[in-house]
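# Examination of the molecular architecture
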Amino acid sequence: MKYINNSSKKSMRIALIIPTSLCIVILLALLWKYVYPIILFNIGNVQVIYVDTAQTEIDLLLCIVGIAISVWIGLNIYNIISKKELEDLLEIAKQSKEISESIFTETLVSKLRLSYSDDTAIYFANRLEKISYFPTEILARVISIEDGYSFAYKAYRDGVSVENYIIGEKQANDLIDYIRVNRRTNKINSDQSDFLLGYANLRLGDFCYFRIQFEENESMDNQHILVEKCVGCYKKCLKYLFGIRNVKQFGDADAYSIVEQQCLAFIANSIGSIYLVSGLGSTLTKKELDEALSYELITKKFSAATNKRFRAMFARNLGVAYERIGRYEEAFQEYVLSFNLDHLNWKTAHCLGAWYRKNAQRLFPILTDELIISKTEIVKISRDEKKKLLILLEKAAYWYEKERKLEDIISPWLAKIYLCIYLLSKDETAKTRYEMIQKEQYLLNLE
């Protein structure tokens, strides 16, 4: 490749400085001729002065000189930089741009492949390697969002609320606006636009998802607004990435690649679980509960290729969805499946403990909502009923103890369960456990 030598560069500088200086002189002369009389004499009819002065010989001469200088500049630049050299310089600029875009793309792909949050990142990494390069300014925005997401996800897993949730929402919203502008100006094509809008809406939904867990002081109305926003983002993601607009359009899992199945499973689970983990509780409508169940069933259908830890989480969420709509036996089966897949998950142990406790309360009205049982009520139940009730309470205690062992969490129900067991059976071991847990909870409250 041919480069411009030092003498050529010097000539080019001289060639540009001289006409530039002359242009400045011409501009000052024109200003003096047209503007100064107006300011000086404050004449109302500006057009008269302009016409009169523009017709002088000096003005005509200045116009001719200006045209000549413009032509002269063009000729000098053409002589200094030949057409071949200009093409070479443009090629260098083009290659530099492609190298920058390649570096940014590889950086983003590496971040996505190293992500430990979920399998959606692998889907995006694969798509990035097949799609045309994006402008570096867009890739820089995506990298910034992904860095913020990784930090926010870790904070979410640790149960910590951070400002990154709100910052991430703003960055994702800004990226969505930026994509639409660039799409209109044809800086990116429709395939790139759909990919980016799918990614941006997914991460916007994720940041909302994280924030909902920590919005304890929000009113129920605001909680509903946040949940609807979160669900809306995930649904837009499905539309842009897969053309899916409702549950019925998912189709068969075999129609998708393994990576696509994994991605779809995570997005569907996010939609279903946000209803279940939010603070809305009993305020959820039947429509919302049915939608949560529908998406959790889709998750199960598409999650065959995901690892055991994620499948355990999906099964537990499906169990919660079943339980919320009163399908208790199906919920129990999903909880058992979840624990078989991941024996170390304390959340599943908690769900099983809660299932046995609630089942005892449902089957035996002598237990109040607060799990209080009176001695006068105990004598009214038969020996067989008492035996069945004790089995349920002992299993509830077993799973709550398992939760405590796995996560060092003492359920507020555990002491009450042991007290009920003691009152029903006069088992001194249950009484001792009740007293020990009461003491531990008291000491924890002091801290």
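In the block above lies the structure referred to throughout.
About the thresholds
- The numbering scheme is per chain: residues are counted from 1 as the chain's sequence reads.
- Per-residue local features are limited, in this predicted model, to residues with pLDDT of at least 70; the limit for side-chain atom pairs, both in listing and counting, is 80 or more; totals at the level of whole chains, interfaces and linings are taken over all residues.
- Hydrogens and water are ignored here; the side-chain numbers use all heavy atoms of the structure.
- Think of it this way: any DSSP run of H or I at least four residues long counts as a helix, any run of E at least two long counts as a strand, and we number them from the N terminus.
- Burial classification: accessible surface area is computed with a 1.4 Å probe over protein chains only, and a residue below 20% of its type maximum counts as buried, one above 50% as exposed, and the rest as partly exposed.
- Every residue pair with non-hydrogen atoms within 4.5 Å of one another is taken to be in contact.
- Residue-level accessible areas treat just the shown protein chains as cover; the underlying method is Shrake-Rupley with a 1.4 Å probe.
- Throughout, the protein atoms alone are placed on a 1 Å grid, and a set of points is a cavity if a 1.4 Å probe fits but cannot get out or a pocket if it is open with protein on both sides within 12 Å along at least five of seven lines; lining residues have an atom within 4 Å of a point.
- Grid points are joined across faces, edges and corners, and a volume is the space filled by probe spheres set on the points.
- All amino acids are sorted into three groups, where Ala, Val, Leu, Ile, Met, Phe, Trp, Tyr, Cys and Pro are nonpolar, Asp, Glu, Lys and Arg are charged, and the leftover types, Gly among them, are polar.
- Here the axes come from fitting lines to C-alpha atoms, over the contacting stretch only for helices, and the angles between their N-to-C directions go from 0 to 180 degrees.
- Throughout, the term roughly parallel applies to angles under 35 degrees, roughly antiparallel to angles over 145, roughly perpendicular to angles from 65 to 115, and oblique to all others.
- Should the near helix be turned anticlockwise from the far one by less than a right angle, the crossing is left-handed, and should it be turned clockwise, the crossing is right-handed.
- What counts as a ring pair is set by centres within 6.5 Å for rings of Phe, Tyr and Trp (its six-membered ring), and what kind of pair is set by the plane angle: stacked under 30 degrees, edge-to-face over 60, tilted for all other angles.
- Patches in this entry comprise residues that are over 30% relatively accessible and not in a salt bridge; like charges within 9 Å are linked, as are nonpolar side chains (Val, Leu, Ile, Met, Phe, Trp, Tyr) within 5 Å.
- Between Lys or Arg on one side and Asp or Glu on the other, a salt bridge is scored when a side-chain nitrogen of the former is within 4 Å of a carboxyl oxygen of the latter.
- Note on charges: Lys and Arg go in the positive column, Asp and Glu in the negative column, and His and the chain ends are not counted at all.
- Note that the charge is assigned to NZ on lysines, CZ on arginines, CG on aspartates and CD on glutamates.
- Each helix should span, by expectation, one fewer than its residue count multiplied by 1.5 Å.

## Details of the overall build of the protein chain
Within the protein chain, the secondary structure is distributed over 18 helices and zero strands. The buried share of the protein chain, taken over its 447 residues, is 43%. Taking all contacts inside the protein chain whose residues are at least 6 apart in sequence as the whole, residues at least 24 apart take part in 69%. For the protein chain, the accessible surface area stands at approximately 25000 Å², while carbon and sulfur atoms represent 57% of it.

## Quick word on the layout of surface pockets
Taken as a whole, the largest pocket spans an internal volume of roughly 1500 Å³. Within the residue set of the lining of the largest pocket, elements represented by two or more residues are helix H6 (136–157), helix H8 (190–212), helix H10 (258–277), helix H12 (308–324), helix H13 (328–341), helix H14 (346–363) and helix H16 (383–407). Its residues assigned to classes, the lining of the largest pocket shows 23 nonpolar, 11 polar and 15 charged. What the second largest pocket holds in volume is close to 200 Å³. Residue lining of the second largest pocket: 13 residues in total, with Lys235, Tyr275, Lys287, Glu291 and Tyr295 positioned closest to the centre. Going through the elements one at a time, helix H9 (220–242) and helix H11 (286–302) are the ones with two or more residues in the lining of the second largest pocket. The leading source of residues in the lining of the second largest pocket is H11, at five residues. Looking at the lining of the second largest pocket residue by residue, the class counts come to four nonpolar, three polar and six charged.

## Considering the environment of Phe339
Relative to the helices and strands, Phe339 is located in helix H13. A relative accessible area of 8% means that Phe339 is categorised as buried. Sequence separation between Phe339 and Ala315 is 24 residues, and the spatial gap between their C-alpha atoms is 9.0 Å. The contact partners of Phe339, leaving out residues within four places of it in the chain, are Asn345, Thr348, Ala349, Leu352, Trp399 and Lys402.

## Some points on the packing of H6 against helix H7 (residues 164–184)
Running from N to C, H6 and H7 point in directions that differ by 155 degrees, and their axes come no closer than 10 Å. Here H6 lies roughly antiparallel to H7, going by the angle between them. Once H6 is placed against H7, the crossing between them reads as left-handed. Across the interface between the two elements, Glu137, Ile138, Arg141, Val142, Ser144, Ile145, Gly148, Phe151, Ala152, Ala155 and Tyr156 from H6 touch Asn164, Tyr165, Gln171, Ala172, Asp174, Leu175, Tyr178 and Asn182 from H7. Here the contact of H6 with H7 is built from residues that sort into 11 nonpolar, five polar and three charged.

## Describing empty space enclosed by the protein
Enumeration over the complete set of coordinates arrives at one cavity of 30 Å³ or more. Its boundaries defined by the atoms lining it, the largest cavity holds a volume of some 50 Å³. At the level of elements, helix H4 (83–113), helix H5 (120–130), H6 and H8 are the ones that each hand at least two residues to the lining of the largest cavity. Across the lining of the largest cavity, the residue classes tally to 10 nonpolar, no polar and no charged.

## Some thoughts on unusual backbone geometry
With phi around 65 degrees, Asn186 is a residue other than glycine that occupies positive phi space. Topologically, Asn186 is positioned in the loop between H7 and H8. Judged by its relative accessible area of 63%, Asn186 is exposed. Non-glycine residue Lys426 carries a positive phi angle of around 60 degrees. Within the element layout of this structure, Lys426 appears in the loop between helix H17 (414–425) and helix H18 (428–446).

## Some remarks on the packing of aromatic side chains
Overall, the coordinates contain 23 aromatic pairs when judged by the stated rule. Plain terms: the ring middles of Tyr123 and Phe242 are 5.3 Å apart, the flat faces sit at 35 degrees to each other, and that makes the pair tilted. Here Phe242 lies in helix H9 and Tyr123 lies in helix H5, a separation of 119 residues in the sequence. The same class applies to Tyr123 as to Phe242, namely buried. Between Tyr149 and Phe210, the ring centres sit 5.9 Å apart and the planes meet at 20 degrees, which makes this aromatic pair stacked. One end of the pair, Tyr149, is in helix H6; the other, Phe210, is in helix H8, with 61 residues separating them in the sequence. With respect to class, Tyr149 is no different from Phe210; both count as buried.

## A look at a negative patch on the surface
Together, Glu394, Asp427, Glu428 and Glu435 line one region of the surface with negative charge. Assignment of secondary structure puts Glu435 in helix H18.

## Considering a positive patch on the surface
Together, Arg180, Arg184, Lys236, Lys239 and Arg245 make up a positively charged patch on the protein surface. Every element with two or more residues in the positive patch is listed here: H7 and H9. Mapped onto the elements of the fold, Arg180 is located in helix H7. The class for Arg180 is partly exposed, based on a relative accessible area of 38%.

## With respect to H10
Compared with the 28 Å implied by 1.5 Å per residue over 20 residues, the 28 Å span of H10 between its first and last C-alpha is a close match. Across the 20 residues of H10, 17 count as buried, placing the element largely inside the fold.

In short, geometric facts, not functional conclusions.
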